[in-house]
Amino acid sequence: MNKDLDYIFPDPPEGVDPRALDPERIPESVAIIMDGNGRGAKKRALNRLKGHKAGIEAVREAIRCASDLGVRYLTIYSFSTENWKRSTEEVTGIMNLLRSYLSNCVERASKDGLRIRVIGDRSALDADIVEMLEHAERETAKFDKLDFTIALNYGGRDELRRTMTKLAKQVQEGTLAPEAITEDVIAKHLDTADLPDPDLLIRTSGELRLSNYLIWQLAYAEFYFTDTLWPDFDKESLKEAIRYYNGRERRFGGVK
């Protein structure tokens, strides 16, 4: 971890082994911003798509490790609403890698007890990809070892815009009073309506920003930043993030 960030990540409380994981304090829900595929490829003198391919392998490793460690929900930021600004070649390549991943994900999920969910705006995606996503969600809905959510063509502001549009229509139709729009009502209309808010956010590659990711849901998450590039993020990297989480005192605005 970047030594300049030590003031953000204090030493664990006295008496806590900095290398041990507390089995009673494994985060139930982990969200990840997977950053560094392009830089990982550049470091190895490869093109960016090779980096994204390596990133998919890191996703598979993260799923295995999270499940082994007792994490119940894992959400990854795979493609943002802003990522369309990248070159046509890169976007096409990413979508083709997604197709390749989805082509056998149900078989893999059935072996691992993995439930697949997708959040984001599907309207801009090709019809065959939408069909594959819906197939994966439908066929894995019965599994419950780990809920794996893919944020695809997702943006936190766009999610809130879509949610406000739904609520405004209900108000216009007379089925919802404006004063009845509570935080709970808003949460129930988000893409993540039936998922718990993340306990821990992990961002790789040393960047320190949310990048429009889960901006409602991360209100009380613990944030963990690491210089490790996403293709290099492995089980020890995940354990390091959870060790940090173990050392945090979560008060949710109150006093303990």
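Structure: see above.
Residues numbered from 1 in each chain as written. Predicted model: local features only at pLDDT ≥ 70, side-chain atom pairs only at ≥ 80, totals over all residues. Heavy atoms only, no water.

## A few points about the overall build of the protein
In step 1: Within the protein, the secondary structure is distributed over 8 helices and 6 strands.
In step 2: Order of helices (α) and strands (β) in the protein, N terminus to C terminus: β-α-α-β-α-α-β-α-β-α-α-β-β-α.
In step 3: Taken over the C-alpha trace, the protein has a radius of gyration of 19 Å; the compact-globule value for 256 residues is 18 Å, and the two agree within 12%.
In step 4: Viewed in the frame of its principal axes, the protein has a C-alpha envelope of about 60 × 50 × 35 Å.
In step 5: Within the span of the protein, comprising 256 residues, buried residues form 46% of the whole.
In step 6: Carbon and sulfur atoms make up 49% of the accessible area of the protein, which totals about 13600 Å².
In step 7: Of the charged side chains in the protein, 39 are positive and 44 negative, and the gap between their average positions amounts to 4 Å. (Helix = DSSP H or I, 4+ residues; strand = E, 2+ residues; numbered from the N terminus. Rg over C-alpha atoms; globule rule 2.2 N^0.38 Å. Buried < 20%, exposed > 50% of the residue type's maximum accessible area, 1.4 Å probe, protein only. Areas by Shrake-Rupley, 256 points an atom, 1.4 Å probe, with all protein chains shown as cover. Lys, Arg positive; Asp, Glu negative; His and termini not counted. Charge placed at Lys NZ, Arg CZ, Asp CG, Glu CD.)

## Considerations on the pattern of salt bridges
In step 1: Within the structure shown, the criterion is met by 22 salt bridges.
In step 2: The shortest N-O distance in the salt bridge between Arg-162 and Asp-191 comes to 2.7 Å. One end of the pair, Arg-162, is in helix α6 (residues 156-173); the other, Asp-191, is in the loop between α7 (183-188) and β5 (200-203), with 29 residues separating them in the sequence.
In step 3: On the basis of relative accessible area, Arg-162 is assigned to the buried category, the value being 15%.
In step 4: Sharing partners across several salt bridges, the network here consists of Asp-35, Arg-39, Arg-203, Glu-207 and Arg-209. (Salt bridge = Lys/Arg side-chain N within 4 Å of Asp/Glu carboxyl O.)

## Some points on the state of the cysteines
In step 1: This structure, assessed with the given rule, holds 0 disulfides.
In step 2: You can see Cys-65 has no disulfide; the closest cysteine sulfur is in Cys-105, sitting 19 Å from it.
In step 3: Residue class for Cys-65 comes out buried when judged on its relative accessible area of 4%. (Disulfide = S-S within 2.5 Å.)

## A word on empty space enclosed by the protein
In step 1: Enumeration according to the criterion identifies 1 cavity of 30 Å³ or more in this entry.
In step 2: Considered as a void within the structure, the largest cavity measures approximately 80 Å³ in volume.
In step 3: For the lining of the largest cavity, a count of residues per class yields 6 nonpolar, 4 polar and no charged. (1 Å grid on protein atoms, 1.4 Å probe; cavity = no way out; pocket = protein on both sides within 12 Å on 5 of 7 lines; lining within 4 Å. Points joined across faces, edges and corners; volume = space filled by probe spheres on them. Nonpolar A, V, L, I, M, F, W, Y, C, P; charged D, E, K, R; others polar.)

## Here's the deal with the side chain of Asn-37
In step 1: Relative to the elements of secondary structure, Asn-37 occurs in helix α1 (residues 37-43).
In step 2: For Asn-37, the side chain forms a polar contact with the side chain of His-52, separated by 3.3 Å.
In step 3: Sequence-distant contacts of Asn-37, that is, excluding residues within four places in its chain, are made with Gly-51, His-52, Gly-55, Trp-230 and Pro-231. (Polar contact = N/O pair within 3.5 Å; in protein donor to acceptor, adjacent residues only side chain to side chain. Contact = heavy atoms within 4.5 Å.)

## Re the sheet that holds strand β3 (residues 114-119)
In step 1: One open sheet holds the 6 strands; their spatial order is β3-β4-β2-β1-β5-β6, and the pairing between them is parallel. Edge positions in the sheet fall to β3 and β6 (222-225), since each has one partner strand and no second. Shown here is a sheet whose adjacent strand axes are inclined to one another by a mean of 20°, direction ignored. (Pairing = 2+ DSSP bridges. Axes fitted to C-alpha atoms, helices over the stretch in contact; angles between N-to-C directions.)

## Examining the side chain of Ser-29
In step 1: Mapping Ser-29 onto the fold places it in strand β1 (residues 29-33).
In step 2: Assessed through its relative accessible area of 2%, Ser-29 is described here as buried.
In step 3: Once residues lying within four places of it in the same chain are set aside, the contact partners of Ser-29 are Tyr-73, Pro-196, Asp-197, Pro-198, Asp-199 and Leu-200.

## A word on the layout of surface pockets
In step 1: Each pocket or cavity is described by its volume, and for the largest pocket that value is around 810 Å³.
In step 2: Lining the largest pocket we find 32 residues, and of these Met-34, Tyr-77, Ser-78, Asn-83 and Arg-86 sit closest to its centre.
In step 3: At the level of secondary structure, the elements contributing two or more residues to the lining of the largest pocket comprise α1, α2 (48-69), β2 (73-80), α3 (88-103) and β4 (146-154).
In step 4: Within the lining of the largest pocket, the residues separate by chemical class into 15 nonpolar, 10 polar and 7 charged.

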